[in-house]
Amino acid sequence: MTLLGLARGSLANRRAAVALTVATIAISIGLLVLVEQMRGQLREGFYRSVSGTDLIVGAPTAPVQLLLSSVFGLGNPARNVAWQSYRDIVADPVVAWSIPISLGDSHQGYRVVGTTAAMFEHYRYAGRQALEFRHGGPFEDLFEVVVGAQVARSLGYAPGDRVVLGHGGGNVSLHQHDDQAFEVSGVLAPTGTPVDQSLYIRLAAHHAIHIGWERGLPRPGDTLLPDQARASIERLQPDQISAFFLGLKTRAAAFGLQYEINRYPNEALLAVLPGIALQELWRITGLAERILRIVAGLVVLAGLLGMLTALLTTLNERRREMAILRACGARPWQIAGLLLLEAAVMTLFGIIVGLVLAVSAQLALSPWLLDNFGIAVSPAWPEAWHWLVLAAIWLAGVLVALVPALMVYRRTLADGMQVRQ
Amino acid sequence: MSEPLLVLELLRFTWPGDAGPVIDRLDLTIDRGRRVFLAGASGSGKSTLLALIGGLVTPDSGSVRFAGQDLKTLSGAARDRFRADHLGVIFQQFNLLPWLDAVANVRLGCQFSRLRRDRAGNADQQARYLLAAMGLPEDRWNRRADALSVGQQQRVAAARALIGRPDLVLADEPTSALDAERRDGFVELLFEQAEQAGSSLLFVSHDRQLAERFDEVHELDDLNRAGDPP
């Protein structure tokens, strides 16, 4: 039997207290790891959604707001952009592709985006990946709709299904465009971006279903029936859109074009570089992250102090055991080492259990994040520097145990082989 | 017999903070293989004397020589090694780690000494042999120490003191928690096994009924001149 064997026996003897101590440390480590992991994963998830777009253009607002409303469907665009302005800007020779979007409708809580077939051809996510169809294809008819992977999965849509779209965002739509049912033309493959949470219809269709709704409620007799709409498709060219995405021939052109768009004479417009807008978003959320980090760090500290308390309370009852070990020839440092070893084992278990907790929490949270934000979060092992932090915490656990270890060291020297009263 | 095992010479020791020495001008010699009874009431400096012999405290003056080696010349770590190598210890009670079983408690006796581990050979086997020799029923061998009766615990403690054949077994009132019948049986077995191991025995007790079985009997009060006129 080694010193480690003795430590194990001693820990096993105090199972309940040890389990509680390990649990305390585990929860604190779990929280710390979770905060760090989610921070990284969320950033990556957001970046994934915009990494293929060079510029986002909309009505003037805060850049972060434009980004959130156009890409992530969070909040509503302040105002619209005139169709003519869109035509003018995409005529610039540095523009490789453009995707106009019209927002404002939802279906069962998923947002409905009016756009063009360019969406399926040019939109890029996670760097250079294009959208793919799992079933069917792009919309062709005016009343056809393409659904994202998550929409199709949760609502059970397949090509050929009929869909009635609601008016306005949010889960509960009081008014349905129920006289204008759509047919699913295609289902997109999963992307891990908000695309999975969206339904795509033609811009003209988006316009058509809003004719007669100018006051926010249908005016009887003014709304278009599907066949009327199809017949007058030429007239359904929208005069306004919510925003548009631009892909440029060279990324370097982005700054120049952004400057020009922001000075566009006919209408006040805002062009943002998605990466920079994200940076701004992280700057806003950074404070909260820092606070979370500090809280997580303090919780870890509390966990270690809990262990210190647990070790200190055992010292009196263990005084005799220490004297017995001394009588058997144990050196003071071996007895002090026993305590350090116990702390090392408890902290190590705490870290291991904490990692398991963090991964489990991520597994539990990821469907919710995917459903609500379209952000794909996959549980991952901590990055290299996280391991360093964990190692430092482990070391801190051992260092904390130096306090009782030193007390024991001095006490065993004074006690000798028998506890002196 | 060439050289005595243990020679205490003009030993004097004062606990820090105490006004006077608890042990003063104490002389004692123990030869190899001898069974020595040291009679003394509690408070007469017994435990202090054992701590001095064990090298846990160093005397103010005088010397503890073990097999010719003056303990004062050894470092603290070397004294710990000396204790692990050469001494087996039995106390009145609280001898065992409560959360280890009997066998593991016995093995603890050679845990901190390579010399005694080597002598014990297969420590597990040797521990079982000694437990059997000390009369602990086999169904108790793998019980936790705190599940054993006081008498059984003392047998385990004796087995631990003897494992790896130490040169000297220090027994500090090992029988005062036992009733008369068990006490005699215990001392008998302890003698037998100490003889087999070739260990000397220094038995400290206030119970002078036991004294007649020993090779030598000393009164601690006679040896220890603390409080006597200088």
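Quick caveat, the model's predicted, so the values are computed rather than measured.

## A word on the sheet that holds strand β2 (residues 23–30) of chain B
Residue and element names in this part refer to chain B. If you trace the 4 strands from one edge of the open sheet to the other, you get β2-β1-β4-β5, paired in antiparallel fashion. Single-partner strands in this sheet number two, and they are β2 and β5 (69–70). As paired strands, strand β1 (residues 6–13) and β2 are joined by 5 bridges and run antiparallel to one another. The residue of β2 that forms the bridge with Val-7 is Thr-29. Of the strands in this sheet, β1, β2 and β4 (61–66) are in contact with helix α1 (residues 46–53), which crosses β1 at around 120°.

## Details of the pairing of strand β1 (residues 55–58) of chain A
Within a regular strand, side chains alternate between the sheet's two faces. Residues and elements named next belong to chain A. The side-chain alternation of β1 yields two buried faces, one formed by Leu-55 and Val-57 and the other by Ile-56 and Gly-58. Where β1 meets strand β14 (residues 243–248), 4 bridges bridge the pair, whose relative direction is antiparallel. Considered in β14, the bridge of Ile-56 is made with Phe-245. Relative to strand β15 (residues 270–272), β1 is paired through 3 bridges, and the arrangement is antiparallel. When the bridges of β15 are listed, Ile-56 appears paired with Val-272.

## Quick notes on the nonpolar core
Inside soluble globular proteins, nonpolar side chains tend to come together where they are buried. Ranked by internal contacts, the top residues of the largest apolar core, which has 108 residues, are Val-106, Leu-131, Val-156, Ala-159 and Leu-202 of chain B. For this core, the leading source of residues is helix α11 (residues 332–373) of chain A, giving 11 residues. Dropping the residues within four chain positions of it, Val-156 of chain B is found in contact with Leu-96, Ala-102, Asn-105, Val-106, Leu-131, Leu-136, Ala-145 and Leu-148 of chain B. Formed by 62 residues, the second largest nonpolar core is a distinct cluster that contains Ala-149, Ala-204, Ala-243 and Val-377 of chain A.

## Topic: the interface of chain A and chain B
In this assembly, 17 residues from chain A lie in contact with 26 residues from chain B. Those elements that provide at least two residues to the side of chain A that touches chain B are α1 (3–13) and α10 (274–327) of chain A. It is α10 of chain A that contributes the most residues to the side of chain A that touches chain B, 5 residues altogether. When grouped by side-chain class, the residues that make up the side of chain A that touches chain B number 7 nonpolar, 6 polar and 4 charged.

## Digging into the confidence of the model for chain B
Residue and element names in this part refer to chain B. Within chain B, residue pLDDT values average 88, and 99% of them lie at 70 or more. Mean pLDDT across the secondary structure elements of chain B bottoms out at helix α8 (residues 220–223), with 86, and peaks at strand β3 (residues 35–39), with 93. Quick note on the complex model: pTM equals 0.74, ipTM equals 0.88.

## Here we look at unusual backbone geometry
Residues other than glycine seldom take positive phi values, yet Gln-108 of chain A does so here, at roughly 50°. Mapped onto the fold, Gln-108 of chain A is located in the loop between β3 (95–107) and β4 (110–115). Residues other than glycine seldom take positive phi values, yet Arg-25 of chain B does so here, at roughly 50°. Following the sequence through the fold, Arg-25 of chain B ends up in strand β2.

Parameters and conventions
Residues numbered from 1 in each chain as written. Chains lettered and ligands numbered in written order. Predicted model: local features only at pLDDT ≥ 70, side-chain atom pairs only at ≥ 80, totals over all residues. Pairing = 2+ DSSP bridges. Helix = DSSP H or I, 4+ residues; strand = E, 2+ residues; numbered from the N terminus. Contact = placed C-beta atoms within 7 Å. Axes fitted to C-alpha atoms, helices over the stretch in contact; angles between N-to-C directions. Buried ≥ 20, exposed ≤ 12 C-beta atoms within 10 Å, placed from the backbone. Core = buried A, V, L, I, M, F, W, Y, C linked by C-beta atoms within 7 Å. Nonpolar A, V, L, I, M, F, W, Y, C, P; charged D, E, K, R; others polar. pLDDT = per-residue confidence, 0-100.

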